[in-house]
Each structure stands twice: as C-alpha cells, then as structure tokens.
2 protein chains.
Amino acid sequence: MAPGIRIASTRAARATSLLRTVQFTHPPSCPCHSNPGAHGPHHHALPSARSQKRRLATPLDATRQKEYAFEMAASSIRFGPGCTAEVGMDMKNLGAKKVMVVTDGNVSKLGAMTRVIEGLEAEGVNYEIYDGVRVEPKDSSIKEAIDAAKPYQPDAFLAVGGGSVIDTAKLMNLYTCFQEADFLDFVNAPLGLGKPITKPLLPLVAVPTTAGTGSETTGTAIFDLVAKRAKTGIAHRALKPTLGICDPLNTRTMPSAVHASSGLDVLCHSLESWTAIPFNERVPRPTNPINRPAYQGANPISDIFSLQALKSTVEYLPRAVKDPDDFEAQSQMLLAATLAGVGFGNAGVHLCHGMSYPISGQNPGYKHPGYQVENALIPHGVSVAVTAPAVFKFTGASNPERHLAAAEAFGVDISNVKKESAGEILSEALADFLVKLGDQPRGLKQLGFNSGHIDMLVEGTIPQARVLMLAPSLEMQNVEAEREQLRDLFEEALEY
Amino acid sequence: MAPGIRIASTRAARATSLLRTVQFTHPPSCPCHSNPGAHGPHHHALPSARSQKRRLATPLDATRQKEYAFEMAASSIRFGPGCTAEVGMDMKNLGAKKVMVVTDGNVSKLGAMTRVIEGLEAEGVNYEIYDGVRVEPKDSSIKEAIDAAKPYQPDAFLAVGGGSVIDTAKLMNLYTCFQEADFLDFVNAPLGLGKPITKPLLPLVAVPTTAGTGSETTGTAIFDLVAKRAKTGIAHRALKPTLGICDPLNTRTMPSAVHASSGLDVLCHSLESWTAIPFNERVPRPTNPINRPAYQGANPISDIFSLQALKSTVEYLPRAVKDPDDFEAQSQMLLAATLAGVGFGNAGVHLCHGMSYPISGQNPGYKHPGYQVENALIPHGVSVAVTAPAVFKFTGASNPERHLAAAEAFGVDISNVKKESAGEILSEALADFLVKLGDQPRGLKQLGFNSGHIDMLVEGTIPQARVLMLAPSLEMQNVEAEREQLRDLFEEALEY
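Residues numbered from 1 in each chain as written. Chains lettered and ligands numbered in written order. Predicted model: local features only at pLDDT ≥ 70, side-chain atom pairs only at ≥ 80, totals over all residues. Heavy atoms only, no water.

Describing the overall build of chain A
For chain A, the helix and strand inventory stands at 18 helices and 9 strands. Counting only residues that meet the buried cut, chain A has 62% of its 496 residues in that class. Of all intrachain contacts in chain A linking residues separated by at least 6 positions in sequence, the fraction that spans at least 24 positions is 78%. For chain A, the exposed area adds up to about 17600 Å²; of that, 52% sits on carbon and sulfur atoms. (Helix = DSSP H or I, 4+ residues; strand = E, 2+ residues; numbered from the N terminus. Buried < 20%, exposed > 50% of the residue type's maximum accessible area, 1.4 Å probe, protein only. Contact = heavy atoms within 4.5 Å. Areas by Shrake-Rupley, 256 points an atom, 1.4 Å probe, with all protein chains shown as cover.)

If you want it as structure tokens, here you go:
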C-alpha cells in the first residue's frame, strides 16, 4: 500500500482505501501500485463508501464501474477414507427416490463405483447408471447424456468420476430442470447467451475419482463447442453440487501419470486464482447480484484456499507421483484439489487455462507417456502447465509480492530478491518443479508445436474472454495489443 | 508425527497413518503424540482404510468408534461496502414474495435497516418487520418470535442485526417449517431431543450489524432454556443462512465497547476451534451422516479459517477499538468474524464458551463500561475472553505446536521456546493482548466473583457437553475428575 493512501486521514479517503486494503490480507500489499499502468487509468476511480450508494441508485453507470463486492460459494465437502459408503444415506436424507448415477466406461469398473452402488443398495435407493460420459466432453456428448437422463426423470444426480463426469452431470441436471431451454441459452457469452440460472436444480452429489479438477466444489462445467471449434462452458453458482464426497480410497486407482497431470491442474488452479486481477478491478459491476460471475478475480477468501492448495501441491504432488503406495500424499492431493477448487471456483483462472484450450484442441499428434489411449492426447493438466513458466514470468510485474509469495511456496529463499525479478524467480521455480516431477514436456516444441502454429494458437485463445479478463498485465481493451502479447507468450512457451 | 508412524511402510500401516496425517496440514504435526495421555487409551485404535469398510458394515460398533470423516458447510458469503442494497434483488431472485424481516428495537433505528428496507422497496418485495428480538434470547422470547411469524406465512426470512437476531431468525424459520414439532425436539441433547432437521428450510438471508458471532455463516442458534437454567441451542447444517451479506457500512454504528467485546468473541472462536480435539478423536462415529455434528472438532479446512481469523483479529481489533474512523480495521474485523464463523461453525468451540454461559448467567452484578443498559450485563465476548488465559494454559500440553503457532500469531518469538511452556506462553500473550485492548476485567474477581461462587459456576458448565466434548485435556469420562479440572480452571481464572 502506497504511503499516500495509508496516511490519508479524511473520512472519505479512508473509506476509499477500505476496499483496496481489505483485499490484500495475505500478503498485505496492493498489486496495482507496484505497476501502476497494469490496470489502466481507472485505478484511482474506485468509488468511496459514500458515493457508492448514490451510484448504485444509478444503474446506467454500472457498465463502466468496477466491482465493489465479492461472493463466496462452495459445495459442502465431506472428506474421509471410506465415506463413499454413506452415499445411500445421503440420497435418502435428500429425499431422493430415483437417482441417476453418471460415470464413464472406465470408472464404472473401479472400486469407487462398487462402493457407490453398495451404498445405494444398502438403503434401497432406486438408481439408473449412465456410463456414456466422454472424457473431454463435447456439446454433442453432453446432449446425448441429457437425452439419456430425461426419460428416467431422476429426482437426484450422483456423479462418480473425474472432471468430465462431474461437469457432464451438472449439465444433465441443468437441462433436466430447464427442459424448454435452448442449449446455448446458458453457455458462457459471447459463444452462448450466458443467461443466469433462475431456480434451484435437483440435488447433485459428486464423488471425485481424480485429484485435479475440483469440479466437486464449483459451479463450472467445461466442454468443446464443436461448431465454434472452441472450449467453453457454463458457469453459475446454481450448478455447484450439493455435496462433494472426497474419499481418498477413490483416488488410489489413478495411474502415476494421471496423478501428475491432475496435480498440475491443481497447481495452475491455485497459481492462477492467486495471481488473477483483484475482484475490485473487474469491470463491469453487475447490476443484479445474480449476474456476478463465479470467476470474479482474487479476493480475500479465495486467497486463503489458493495459497494453501499451492503449498500442499508443492509438498505432496512429487510424492504422490513417485510412490503409488504413498496414501498420505495422495490423500493430501485430493484435499488440495478440493481447496484449489474453492479458490479458483470463486476467483477464476486466467492465462494458463485460456491458452491450454487451443493447445489441446490443436494437438499436432502428441501422446503423453503413461496414458493408454488410442488417439493423440495432451492431458488437460499437461496442456495447462506447459505454458506456466512463460505465463508467470509475464504476469510477475502486475503483482510482485504475490509472485514472490508463490515462489516462496516452492521453497525459494526470497529474502534478497528484487521485486523486478518476481516473475522470473517464480518462472524458474516452476520450471524446476516440472522438470523434477518427470515426464513433462519442456515447452510446446516437445508437444510438436513450432513458430508456424502460433497464429492459430493465438486465434484459439482470444475467444476465452471469460478467463482472459482476469489475466493481469493483458491488454484486453486493444485486441491487436492482446494478440501481440499472446504471440510473445506462446513464443516464450515453446521451450523452457 | 512420531517416527514410528512416519517410517511404517506396510500397506496397512500407511493406510492407518493416512487419516491422522492428513489432518495436520498446518502445522504438520500430530497433537496427540506430544501428550499421549490426552485423548485416552484409544489413540492407536484408529481404523485402517481396509478395516474401516468392514466396520462401517457393522453399525453396532459405531458408538465406540472414533470419527473418520469431516464435513464442511457454510453459507454463501457476499462481502463489500454497500452490498446491502442488493438484498431486494436477492429476495426476488430467490422467488420470495413475502419476506419476514427480523431485527431488534435498537437495530431497527440504524442505517443498516434503512438500507435493507430501501433495497426491498426498490424491487417491490412485500415484507413485514418483526423487531421484538431479545438480546441474549431466551426460549420464551424465541417462542414469541415464532408465534409472530406463523400468521404472516412468510416465504423467506431476512435477519438484520447481531447474533441474537440472526439466531432468532433461524429458529423462526425452523419452527415455521416444522409447525407440528415440539420446541424441545430439535434442541441439543441432553436438554432437548437433538433430532436432525430432515428437510430444507425457507431461504434466510442474514445481514450482520456486528463483527462477532459469525452467525451469518453457521448452522447454530444459541439461547437460554429458562426452565433448565442453562444456555443451550439448536445446531444443524440445515439452519445455516442461504446467504450472509457482510457489508462493512453496517458495522460502522458499533460503539467502541461493542467492537471490543464482539472482537473478543471472534478471538475465542478462532482460538478454540484451532485447539479443539481433532475430528478423528471425536466419539461416536455417526451411523448416518445427517447426525454428524456441525461442531466436529478441528479439521484441515476449519484450520485454515481459524488461523487466518486469529491473525486478522490480533492485527485489526486493537485498531478497530481505538479509532472509530478506522474503516479498514473495522472492515477487516467483519471479514475475520465471518472467517472465524466458518472455522468454529465446522470445528466447534470448547472451554471458553462452555464456561462463559454460567459466567454471564450468574453475573453478581457487573456492568461493563461502555454498555448503556439498565440491568447488569457481562457482554458475551467479555464472558468468553475472561477465562481465556487460564483455559489455554490448561490446554497447552494437549497440542504444544498449535498453541505455539497461536502465540506466534500474537507476535511472540517462539524460536527458542520449549514445548512444555506452550500453554503458558499463549496464556501470557493473551493476557497481554487483553490488557492492552483496555477496559477488560483482569479475571473473574473484577466481575464480582470469588472462590465461593466456583461450585455453582462448575455446575453451570457441566451441562455444556456439546462443546466440552471438544475440549482437549478434559476428563469427560469421569465427571468427578472433570469437576475438579473445571474448579481449578475457574480458580485460575479469578485473576490474571
């Protein structure tokens, strides 16, 4: 916090500084002053407590006003080895009589599914299994799943699987409750209409079998919109599961390579939400709270989750990947994935995720070691982490304190580091972590990309406005400048 | 963690250690080994992941089994100066057409209430105001409030006030939804029947006007059960508000003395939940998840909230008390109160709160400076904090690492401190903090109690089983030993 603001003593000035200062609990610093140009000329236009009320009464202003509040929402979370057995009682307690169990062909053969079915049968709860979820879902695979749910008329959903399963179940729930809606009604703008969800959905219990997406706690569902050749999704608090059952017994079946890539997703969830622009720099302020996005920028509650998840991931992911019998590390990674889910589920992600979608979508033919799949595949976590060293070098100047705190979480001694080096220091720590984790591509080149692919990658990133708007240091007011920055970022990410 | 467990390498032993280790994320240590006798002889009887499943299938065992899972639930929280204005839109978004606004005679005259009513009227939402809430509610005052709600048949509740108002509104909601229920049905056992709440209640939005109870995030409501001369309550996740609207403009009306005592409640919420027994030492394991208490013992998610709230309170409470114009500090205290609410709302409180109820109930005639009330009154926060130096000296040995981490939050340099002194060090840091805060009684004597009152205070504490069961170091299996310990604690708390 700049001295000029700290010492301001008039009532109005103190009220003005309140909003900025409350946000930076940890560490107590304002990211904007270290790089005054980063968020444009409106930085000092934050409304005072007094003028705020007046402006709220003038909704015409809102589209140009910055946000002044944040909202934290998360699913209830149950955590404990063996607690999947309680799911039948949960369904009965929720009053469910016809449960649609959603899974995929792989997970349906695992112990997690056995435990879920035993739980339902022990309580005599009726259920039907849909195991047709596609990994990395497309709008078409989701529509198939919705069509499968409608005739059964379930009164609750139960998702057993990774992020693809849980996300698909969220949308089965949404479109079962809004039967008249067009699929694009709720899809994030600008690709869809981005309508808010105006009534509660059916209960959804999520049982994750990977430690990665955190989807069990969030109101987000991601899929490929094939006609637009873009990764997009639907995001609203009403989508979030009623309860996430996080049972470390269910992630013991993950192969080592899946541990690694899921864990890298957790790493980037925590780093991106921790470094996202502050909620009160986001524009526009919503005119109705139902339109306040779930991805609202960093805020003092998401910060607590994101930083804790980062620390846990740095400590436990290498152990979980190296030793399939290290249940403590695996269990801690499941918890970290959930914590990071609460963090990014309320703050958002930015460049690593925004750039990952064209990377996996435009894969030149890379097959990740340890994944037994027929087609070429860049696992989501790998596509996200591969640009991370370049991304955090780029964003460092927007908030050196936060980037240094993150570097410290990787074990870097930051006591004699200059602020100007914050991005570089974090970038090096990340690269070092990825190399030591093993089996990670050292840049886009090792995935088969070269400079000739960059223009297409940039064009595939531009539509990810929902996450890019949270990226610090990115020039979103000027699409040519933004293109240039993204081009540089992809270039930098070719090799680390 | 004792070396004997860390180096255990067989599958079964590692599975056994998983549960214990996952809990102590922060700091990474197991409190039980530092004081092996603290939790009795069952410490090493934690079920392994494998045997757990078998035991789950044998419910007869459950009453003697320790807990193996924890569940985290909290209201959605919106935070921002001025966001009270959104409440009319919230009610409309929730589909509410007849809102019962619950408040007390004092708050009804404040700006918070004006802003709430403006918000409702701007959206044309019908409402009726009940301003008869009694501060420190009794069962009789709650029954009056319930009787006032029933004829209006509201479809949503809106609480505007401190903990007493929000707690009363929770119970108006409960008994409006369960019209046939007897009042004692849901009251905590053993005073009531402690039945679980089996269906969702009406939407309840809580707008706190004090920074203390955290009631806007919890499923707990506290009151005096006059016939039993005891403070008790109703606690269930289903009671928690749909949304807490935390607007720092609404706490600006708190007088300095109210800031202080509310803030001391926050301090003890965070310290007690941080030092409560671990969730997996609690007995019995519930046979149905609906019976898992909200106050379940310390767990890795509540820990994050509790420690952060403690750090914020130490930093900002003295400023909020000293300078009524320090909006930054006041705002941070509102956030800390909410964070502590999530922490203790899922982990519980113990001795300070258990002992506070007879202290305020058996008040010999103390009037707290700065409170303009006709009758003698020990504010809740004062009655809680007055025993804190004695309590944490007593509990120190149960978990020296956590007590030292708490002392560090008060600014104590713990680098050369012996584990054995952990309780004493924290006790001294607390006493010092209370003295510097100003206007706090330095022990029970200054409230008018003497040794002759102690037996009655002990008898008034014993029925607080729900919180005492979470107290580390307390001999609850043997009521005579427990009485002796409480007697010593009250004796120690006479003066600090």
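Here's the deal with the sheet that holds strand 2 (residues 76-79) of chain A
An order of 4(A)-3(A)-5(A)-6(A)-9(A)-2(A)-1(B) is seen for the 7 strands of this open sheet, with the pairing classed as mixed. Two strands bound the open sheet, and with one partner strand each, they are strand 4 (126-130) of chain A together with strand 1 (70-72) of chain B. Going from strand to strand, the sheet's axes swing by 20° on average, the running direction of each strand aside. Here 4 bridges tie strand 2 of chain A to strand 9 (residues 243-246) of chain A, and the two strands are oriented parallel to one another. Residue A:Ser76 lies in a different strand from strand 9 of chain A, and its bridge partner there is A:Leu243. In this fold helix 9 (residues 300-322) of chain B packs onto strand 2 of chain A together with strand 1 of chain B, with an angle of close to 50° to the strand it touches most, strand 1 of chain B. (Pairing = 2+ DSSP bridges. Axes fitted to C-alpha atoms, helices over the stretch in contact; angles between N-to-C directions.)

Considerations on the sheet that holds strand 2 (residues 76-79) of chain B
Taking strand neighbours across the sheet as the criterion, the 7 strands line up as 1(A)-2(B)-9(B)-6(B)-5(B)-3(B)-4(B) in an open arrangement whose pairing is mixed. Edge positions in the open sheet fall to strand 1 (70-72) of chain A together with strand 4 (126-130) of chain B, since each of these has one partner strand only. In this sheet, neighbouring strand axes are inclined to one another by 20° on average, regardless of whether the strands run parallel or antiparallel. Across the sheet, helix 10 (residues 327-347) of chain B lies against strand 1 of chain A together with strand 2, strand 6 (204-208) and strand 9 (243-246) of chain B, angled at about 175° from strand 2 of chain B, the strand it touches most.

Focus on helix 14 (residues 400-409) of chain A
Residue and element names in this part refer to chain A. In terms of residue burial, helix 14 counts as a mostly covered element, since 9 of its 10 residues are buried. Residues Pro400, Glu401, Arg402, His403, Leu404, Ala405, Ala406, Ala407 and Ala409 constitute the buried set of helix 14. Of the residues flanking the end of helix 14, it is glycine 411, one or two places downstream, whose phi is positive at about 95°.

Let's talk about the packing of helix 8 (residues 256-275) of chain B against helix 15 (residues 422-437) of chain B
All names here are of chain B. Taken N-terminus to C-terminus, the directions of helix 8 and helix 15 make an angle of 165°; their axes are 12 Å apart at the nearest point. Looking at the two axes, helix 8 sits roughly antiparallel to helix 15. Regarding helix 8 and helix 15, the two cross each other, and that crossing is right-handed. Where helix 8 abuts helix 15, its residues Ala260, Leu264, Leu267 and Leu271 lie against Leu426, Leu430, Phe433, Leu434 and Leu437. Classifying every residue of the contact of helix 8 with helix 15 gives 9 nonpolar, no polar and no charged. (Parallel < 35°, antiparallel > 145°, perpendicular 65-115°, else oblique. Left-handed = near helix turned anticlockwise from the far one by under 90°. Nonpolar A, V, L, I, M, F, W, Y, C, P; charged D, E, K, R; others polar.)

Overview of the packing of aromatic side chains
Residues and elements named next belong to chain A. Taken as a whole and judged by the stated rule, the model has 17 aromatic pairs over all chains. An angle of 70° between the planes, with centres 5.9 Å apart, marks the rings of tyrosine 175 and phenylalanine 186 as edge-to-face. With a gap of 11 residues between them, tyrosine 175 in helix 7 (residues 163-177) and phenylalanine 186 in the loop between helix 7 and strand 6 (204-208) connect regions that are remote in the sequence. Among the residues examined, phenylalanine 186 registers a relative accessible area of 5% and is labelled buried. Aromatic ring contacts, followed pair by pair, group Tyr175, Phe178, Phe183, Phe186 and Phe223 into a single cluster. One Lys or Arg, arginine 252, reaches over the ring of phenylalanine 327 and ends 4.4 Å from the middle of that ring. Here the basic side chain of arginine 402 rests over the ring of tryptophan 274, its NZ or CZ set 4.3 Å away from the ring centre. (Phe/Tyr/Trp six-rings, centres within 6.5 Å; stacked < 30°, edge-to-face > 60°. Lys NZ or Arg CZ within 6 Å of the ring centre and 35° of its normal.)

What to know about the UniProt feature "domain: Alcohol dehydrogenase iron-type/glycerol dehydrogenase GldA" (unreviewed entry) in chain A
The positions UniProt marks with the feature "domain: Alcohol dehydrogenase iron-type/glycerol dehydrogenase GldA" (unreviewed entry) are residues 75-248 of chain A. Taken end to end, residues 75-248 of chain A comprises 28% helix and 24% strand; its first and last C-alpha atoms sit 18 Å apart. (UniProt positions renumbered as here; feature names shortened; annotations may be inferred.)

Describing unusual backbone geometry
Residues and elements named next belong to chain B. Cis geometry marks the peptide bond from alanine 189 to proline 190, where omega comes out at 5°. Here proline 190 is to be found in the loop between helix 7 (163-177) and strand 6. The omega torsion across valine 283 and proline 284 is 0°, close enough to zero to call that bond cis. Residue placement: proline 284 occurs in the loop between helix 8 and helix 9. Positive phi is not limited to glycine here, since glutamine 153 has a value of about 50°. Mapped onto the fold, glutamine 153 is located in the loop between helix 6 (139-149) and strand 5 (156-161). Classification of glutamine 153 as exposed rests on a relative accessible area of 58%.

So, the pattern of salt bridges
Residues and elements named next belong to chain B. By the definition in use, this model includes 48 salt bridges over all chains. Across the pair glutamate 67 and arginine 282 runs a salt bridge whose closest N-O atoms are separated by 2.5 Å. Here glutamate 67 is found in the loop between helix 3 (49-56) and strand 1, whereas its partner arginine 282 is found in the loop between helix 8 and helix 9, with 215 residues between them in sequence. Residue glutamate 67 is classed as buried on the basis of its relative accessible area, which comes to 0%. Between glutamate 492 and lysine 393 there is a salt bridge, with the nearest N and O atoms lying 2.9 Å from each other. Taken together, the positions of glutamate 492 in helix 18 (residues 479-492) and lysine 393 in helix 13 (residues 388-395) put the pair 99 residues apart, joining distant regions of the chain. (Salt bridge = Lys/Arg side-chain N within 4 Å of Asp/Glu carboxyl O.)

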